[in-house]
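What follows is each chain in one-letter form.
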Amino acid sequence: MIDWGIIGDFSEGLYSISNDDFKYGYKDKSGTLIIPYEYDVAENFSEGMALVKKGDKYGYINKQGKVIVPFVYDWGGNFKDGVAWVKKNGKYGYVNNVGKEITPFVFDERSNFHDGFACVEMKGKSGFIDKDGNPLDLDLDKNTINGIVMGLVNKYNDETDSNKKATMNYPLLKWLRKGGEKGEYNCCGTLGYIYYTGLCGLDTNFVEAVKWYEKTLPMKDTDGTNYKFLGYAYGYGGYGLEKNAQKALQYFLEGAKYNNEDCFYALAVSYLNGLGCPKNPQLACNYADKLYTKNKDSYASIYVECYNTLAYDYFNKNNYNQAIVSIDKAINANSSPRETACCYDSKGEFYLKMGKLDEAIKMWNKVMELDKENIDYWKENSELYKQLKAKGKIQ
């Protein structure tokens, strides 16, 4: 029987053929239709895969007619070494024989893979990549590398399958290091974060995190984030890095210049507790003010803690009026009932020292109004309660 229609070459046991509607399918050597007439273009099979077109997009099917690579590409080549080049949005990339994109779409020219490598061109520069998308001798500028990295990062973040995500670690890290070695800001910062948090299959390593974050410092840090993580690394120490509270403080101070809230918080805690500096509750309150102004709900607790500490600092210096002013700021922060009760307890102590017994009793009543269910805690821990009881003013 003679087939009539547009016939392709016989390859891997099948050939393409069109029907009267110019739709293509595939037949075997006996003339039996194996894959139905449903494609607008049907190329020869290679390594068990054929490039076909539906509408205005290309994809790949196997010899059973199953779609392996979806119809999202503008063009494509034959599979070689288990990989095929494809074109999307004017740029070339590569897919493997299970339909996974193994490189970002950044290449201006391409070739088939041979012995595990393919020659590609970007911005007039040529070189080889392997099947993980890693460059061998592609001499690209740092901005181009950053574009590749951002494409890989977006794919990494969008992938929900942990096993598939794990296979993306190696190419992502390779490109990041290549960009980092050229001093590309985002690559250096991303490597710092990966080593700080232990992502992409790597163990947390503060030494490496610091190395990459510090590379970003001669460049422009737009929000203080890199200073923040440097401060955290030296503040916590460990993971190969010696703890250094003074260095941590300096990095937090630099990050604060960019109005970084995490750096404000770290500075409030540092000055409150004397981490890398002498204790200074007034400076702690200055940074707590900045935080509280930005978000009262999120930062009420640190605001209360700072002003409560400042109030006691004034109290211990016999500056009772300023102690009352400071503790009132803490009380008015609308923090949790327990935190506010603690502030009233402190204020009651101040009034006792000032000889204002009636005011001290009012403060104790406020404590009970807010946290009466924890009366046993207050009886055991409150100096105000103990002194008022000793005076016979409460039970």
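Residues numbered from 1 in each chain as written. Predicted model: local features only at pLDDT ≥ 70, side-chain atom pairs only at ≥ 80, totals over all residues. Heavy atoms only, no water.

**Student:** Describe unusual backbone geometry, and please don't skip the residues or the numbers.
**Tutor:** Despite not being glycine, Tyr239 shows a phi value in the positive range, around 50°. When you line up the elements, Tyr239 lands in the loop between α6 (225–236) and α7 (245–256). The class for Tyr239 is exposed, based on a relative accessible area of 53%. Phi at Asn318 takes a positive value of approximately 65°, unusual for a residue other than glycine. Mapped onto the elements of the fold, Asn318 is located in the loop between α10 (296–316) and α11 (320–331). (Helix = DSSP H or I, 4+ residues; strand = E, 2+ residues; numbered from the N terminus. Buried < 20%, exposed > 50% of the residue type's maximum accessible area, 1.4 Å probe, protein only.)

**Student:** Lay out the sheet that holds strand β9 (residues 83–88) in plain terms, naming residues and giving numbers.
**Tutor:** In any sheet, the strands associate via hydrogen bonds between backbone groups, in a parallel or an antiparallel arrangement. One open sheet holds the three strands; their spatial order is β8-β9-β10, and the pairing between them is antiparallel. Strands with a single pairing partner mark the edges of an open sheet, and in this sheet they are β8 (75–76) and β10 (91–96). Alignment of β8 against β9, held across two bridges, turns out to be antiparallel. Across the sheet, residue Trp75 finds its bridge partner in β9, namely Lys87. (Pairing = 2+ DSSP bridges.)

**Student:** Which residues make up the sheet that holds strand β3 (residues 33–39), and what values do they have?
**Tutor:** Within the open sheet, the three strands sit side by side as β1-β2-β3. Their pairing is antiparallel. Of all strands in the sheet, those bounded by a partner on one side alone are β1 (15–18) and β3. Neighbouring strand axes in the sheet, compared pairwise and without regard to direction, differ in orientation by 25° on average. Bridging between β1 and strand β2 (residues 24–27) involves four bridges; their strand directions are antiparallel. Paired with Tyr15 across the bridge in β2 is Lys27. (Axes fitted to C-alpha atoms, helices over the stretch in contact; angles between N-to-C directions.)

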